[in-house]
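# Descriptive structure summary
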Amino acid sequence: MADLITRPDNRPDTPAVLDTIVPREDTLAERLLTTQSPQRPQSTPAIRIEVDGRIVEGLEGQTILEVCRDNGIEIPTLCYEPKLPGFGACRMCVVEVEGEEHPPISCSRAAEEGMKVQTQTEGLRRLRRTNLELIFSDHNAYCLPPCQNKCPSHIDIPGFLKQNAEGNWRESTRVFKRTIPFPSVLGRVCPAPCEDHCRRDEVDEAIAIRDSHRYAGDQVIKQMLDDGIDPPVPFELQPKTGRKVAVIGSGPAGMAAAYYLLISGHDVTIFERDPAPGGMLRYGIPQYRLPKVEVLEAEYESVTRLGGKMVCNQALGRDFTLDDLQFQGFDGVVIAIGCYDTNKLGVPGEDAAEVLDGLEYLRTATLGLPYPGHVGKRVVVVGGGFTSMDCTRTSIRQGAKEVTLVYRRDMKDMPAAGEVHEAIEEGVTAIFQAGPTRVLADEAGNVTGVEFIRMELGEPDASGRRRPEPAPGTEFVIPCDRVLLAIGQGPDLTWIGPGSSGPPATRNPRLQADAALLQVVLARVL
């Protein structure tokens, strides 16, 4: 019965058999449907070329640079990226090809069968050197992130920010300590130029870079004081070398040098002229900015835990000389005495009794002592740096009746411009583009005021800031009882003499030293 039932061929559910090779009709659509796609070969043909006298194999379609790299032959390049087509913008990967007049760019020139290539001839080296000099002559790009590029110490800011984002405070501090060993201290005193160039500011606002490493450093200090956990060390501690190094000065430079010398395996002794270590950090920065016990001493403990020895009340030139240190068996000496001599105004009347050194005033204040006769005084502070700002805000805290800050340039050119508004909120009067011409005093020698002259901003100087120039006929007087000078400092070099006669001084005055090695003419003295 089943054999008698047949299925018709024209049923609607029968699939149609179509020829996909021969067009059913001569139309564009049919020709497109039946055109066969090109079939790739199963393998790319191999080619052989000669590079620097050596026969190497490559694949058809590869560039000269790709063939050389596959065979372990290095060609210098700056802009090459394997995932992108060769562009040759840097022109550092030029090579010589036999039979071609001009050296082709190897990242974009295809390799051909039988090609003879030279990669390291004298002519190519000269050409690459010239190309590199041209690149550097107009190099306006960042080789580092903008924040790290603008940091004077080039700290790995992206590195420790990444660790902070993951909540790894110890690793963040370890990354930071590769460059500077005191993140909590720097997090309180740094002017943070990195934040002015933070790329995040183009989206909403700059990252609080300074506060970020300050917080991480504080967490490490808390672990050290509460749990007895040693702070992280940025590098592997080296075996003891048996060499002894003397560091003169326990400020930030001296203690940082001692820290890295200890990690390198040397025995380090730090000599400090004051009763307690810290230098300018202890005696030049007010307590409100840098707490001494909670932060400074805690940070310095990382040096003593590594084995550093501290000797206080020992001043270079007063208690010992450089020759004495060599006689005591020290293999090297690091001079880090800081800058404690305040520059003079160079105007008439500045020798009056109430014209004070700003650093000496801050030294008394940081010891927690009120400066004699400061309460109720009318104070004028001359300068625009952080010393002048500390003198200004500390005078307010110590009860001065009036405090006026005078700076010879515009506010935007002040090193401490970020604190001006805070000082004004505290009651300070700020005057810009004015320079002192003389200090006024009565017959008894008491200061009665300071005469200033208005400044016009001229052409930029070596610092890039516009040079202030006096404007005749614009003199004015600010009545006051006391003047604090904070117009920059220099080192005290009076210790140079018998026993320490080697290091020459420049006219600045500064110690004359090698710009790269920082070594003076005496052997093993930096």
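Details of the structure are given in the entry above.
Since this is a predicted model, take the numbers as computed values, not measurements.

Rules used throughout
- Residues numbered from 1 in each chain as written.
- Predicted model: local features only at pLDDT ≥ 70, side-chain atom pairs only at ≥ 80, totals over all residues.
- Heavy atoms only, no water.
- Helix = DSSP H or I, 4+ residues; strand = E, 2+ residues; numbered from the N terminus.
- Rg over C-alpha atoms; globule rule 2.2 N^0.38 Å.
- Buried < 20%, exposed > 50% of the residue type's maximum accessible area, 1.4 Å probe, protein only.
- Contact = heavy atoms within 4.5 Å.
- Areas by Shrake-Rupley, 256 points an atom, 1.4 Å probe, with all protein chains shown as cover.
- Lys, Arg positive; Asp, Glu negative; His and termini not counted.
- Charge placed at Lys NZ, Arg CZ, Asp CG, Glu CD.
- Pairing = 2+ DSSP bridges.
- Axes fitted to C-alpha atoms, helices over the stretch in contact; angles between N-to-C directions.
- Salt bridge = Lys/Arg side-chain N within 4 Å of Asp/Glu carboxyl O.
- Right-handed = clockwise from strand over helix to strand, strands pointing away.
- Parallel < 35°, antiparallel > 145°, perpendicular 65-115°, else oblique.
- Nonpolar A, V, L, I, M, F, W, Y, C, P; charged D, E, K, R; others polar.
- Patch = residues over 30% accessible without salt bridge, like charges linked within 9 Å, V, L, I, M, F, W, Y side chains within 5 Å.
- Phe/Tyr/Trp six-rings, centres within 6.5 Å; stacked < 30°, edge-to-face > 60°.
- Lys NZ or Arg CZ within 6 Å of the ring centre and 35° of its normal.
- Core = buried A, V, L, I, M, F, W, Y, C linked by side-chain atoms within 4.5 Å.

Next up on the list: the overall build of the protein chain. The number of helices and strands found in the protein chain is 15 helices and 19 strands. Compactness check: the protein chain gives a C-alpha radius of gyration of 36 Å against a globular reference of 24 Å for 526 residues, more than 25% above the reference. Counting only C-alpha atoms and orienting by the principal axes, one finds that the protein chain spans roughly 135 × 60 × 60 Å. Across the 526 residues in the protein chain, those meeting the buried criterion constitute 41%. For the protein chain, the share of sequence-separated contacts (at least 6 apart) that also reach a separation of at least 24 residues comes to 62%. Put simply, the protein chain shows about 29,500 Å² of open surface, and 52% of that area lies on carbon and sulfur atoms. Positive and negative side-chain charges of the protein chain, numbering 57 and 75 respectively, have mean locations separated by a distance of 3 Å.

Strand order in the open sheet formed by 4 strands is β7-β6-β5-β8, with parallel pairing between adjacent strands. Each of the sheet's edge strands pairs with one partner strand only, and the pair in question is β7 (309-311) and β8 (332-335). Adjacent strand axes in the sheet meet at a mean angle of 20 degrees when their direction is disregarded. Each of β5 (244-248), β6 (267-271), β7 and β8 is contacted by helix α9 (residues 252-263), which is oriented at about 170 degrees to β6, the strand it contacts most.

Moving on, we come to the pattern of salt bridges. Counting across every chain of the model gives 27 salt bridges. The partner of Glu-166 in a salt bridge is Lys-162, and the shortest N-O contact between them spans 3.0 Å. The class for Glu-166 is exposed, based on a relative accessible area of 53%. A salt bridge links Glu-297 to Arg-282; the shortest N-O distance between them is 3.1 Å. With Glu-297 in helix α11 (residues 292-304) and Arg-282 in helix α10 (residues 280-283), the pair connects residues that are 15 residues apart, well separated along the chain. Overall, the relative accessible area of 36% leaves Glu-297 in the partly exposed class. What makes Arg-282 buried here is its relative accessible area of 12%. Overlapping salt bridges, with partners in common, bring together Arg-289, Asp-390, Arg-393, Arg-397, Glu-419, Glu-422 and Glu-426 in one network.

Our focus in this paragraph is the pairing of strand β11 (residues 378-382). Looking down a regular strand, the side chains alternate between one sheet face and the other. For β11, the buried fraction is high: 4 of the 5 residues fall into the buried class. With helix α14 (residues 386-397) bridging β11 and its parallel neighbour strand β12 (residues 402-407), the resulting β-α-β unit is right-handed. Alignment of β11 against strand β18 (residues 482-485), held across 4 bridges, turns out to be parallel. Paired with Val-381 across the strands is Leu-484, a residue of β18.

This next bit is on the packing of helix α8 (residues 209-227) against α11. α11 packs onto α8 with a crossing angle of 75 degrees between their chain directions and a minimal axis gap of 10 Å. What the angle tells us is that α8 and α11 run roughly perpendicular. Listed contacts from α11 to Ile-221, Met-224 and Leu-225 of α8 are Glu-294, Val-295, Ala-298, Glu-299 and Glu-301. Of the residues belonging to the contact of α8 with α11, the class tally is 5 nonpolar, no polar and 3 charged.

A separate point is a negative patch on the surface. The grouping of Asp-196, Asp-201, Glu-202 and Glu-205 at the surface amounts to a negative patch. Of the residues examined, Asp-201 reaches a relative accessible area of 43% and is grouped as partly exposed.

In this structure, Val-311 sits in strand β7. Each C-alpha atom, one on Val-311 and one on Gly-383, is 34 Å from the other, the two residues being 72 residues apart in sequence. Discounting chain neighbours no more than four positions away, the residues touching Val-311 are Thr-269, Ile-270, Phe-271 and Glu-272.

Examined against the element boundaries, Asn-131 turns out to sit in helix α3 (residues 122-137). In this structure Asn-131 comes out as buried when scored by relative accessible area, which is 12%. Those residues in contact with Asn-131, other than ones at most four positions away along the chain, are Cys-90, Arg-91 and Met-92.

The full count for this structure, using the stated rule, is 8 aromatic pairs. Each ring, one from Phe-160 and one from Phe-176, has its centre 5.7 Å from the other, and the planes form 65 degrees; the classification is edge-to-face. One end of the pair, Phe-160, is in helix α5 (residues 157-165); the other, Phe-176, is in helix α6 (residues 169-177), and 16 residues separate them in sequence. Assessed through its relative accessible area of 1%, Phe-160 is described here as buried. Take Phe-176: its relative accessible area is 1%, and that puts it in the buried class. Aromatic pair Phe-182 and Tyr-300: ring centres 5.3 Å apart, planes at 45 degrees, arrangement tilted. Pair noted here: Phe-182 is in the loop between α6 and α7 (183-189) and Tyr-300 is in helix α11, with a separation of 118 residues, a long-range link. Just as Phe-182 is buried, Tyr-300 falls in that class too. Ring-pair connections join several aromatic residues into one group, and the members of that group are Phe-271, Phe-320 and Phe-330. Over the aromatic face of Phe-330 sits the side chain of Lys-244, whose NZ or CZ is 4.8 Å from the ring centroid.

Right, let's talk about unusual backbone geometry for a bit. Non-glycine residue Asn-313 carries a positive phi angle of around 60 degrees. Note on placement: Asn-313 falls in the loop between β7 and α12 (322-327). In this model, Gln-433 sits at a positive phi of 55 degrees, which is unusual for a non-glycine residue. One can find Gln-433 in the loop between β13 (429-432) and β14 (434-441). What makes Gln-433 partly exposed here is its relative accessible area of 24%.

Moving on, we come to the nonpolar core. Core analysis: the biggest nonpolar cluster contains 22 residues, and Val-185, Val-247, Ile-270, Leu-281, Leu-290 and Val-303 have the highest contact counts within it. No other element matches α9, which puts 6 residues into this core. Those residues within four positions of Val-185 in sequence are excluded, and the remaining contacts are Leu-281, Leu-290, Val-295, Leu-296 and Glu-299. Ranked by size, the runner-up nonpolar core spans 21 residues in total, among them Ile-47, Ile-64, Val-95 and Val-117.

As for its position among the elements, Ile-180 is in the loop between α6 and α7. Residue Ile-180 is classed as buried on the basis of its relative accessible area of 17%. Considering only alpha carbons, one finds Ile-180 and Ala-256, 76 residues apart in sequence, at a separation of 6.9 Å.

The values are spatial; any link to function lies outside them.
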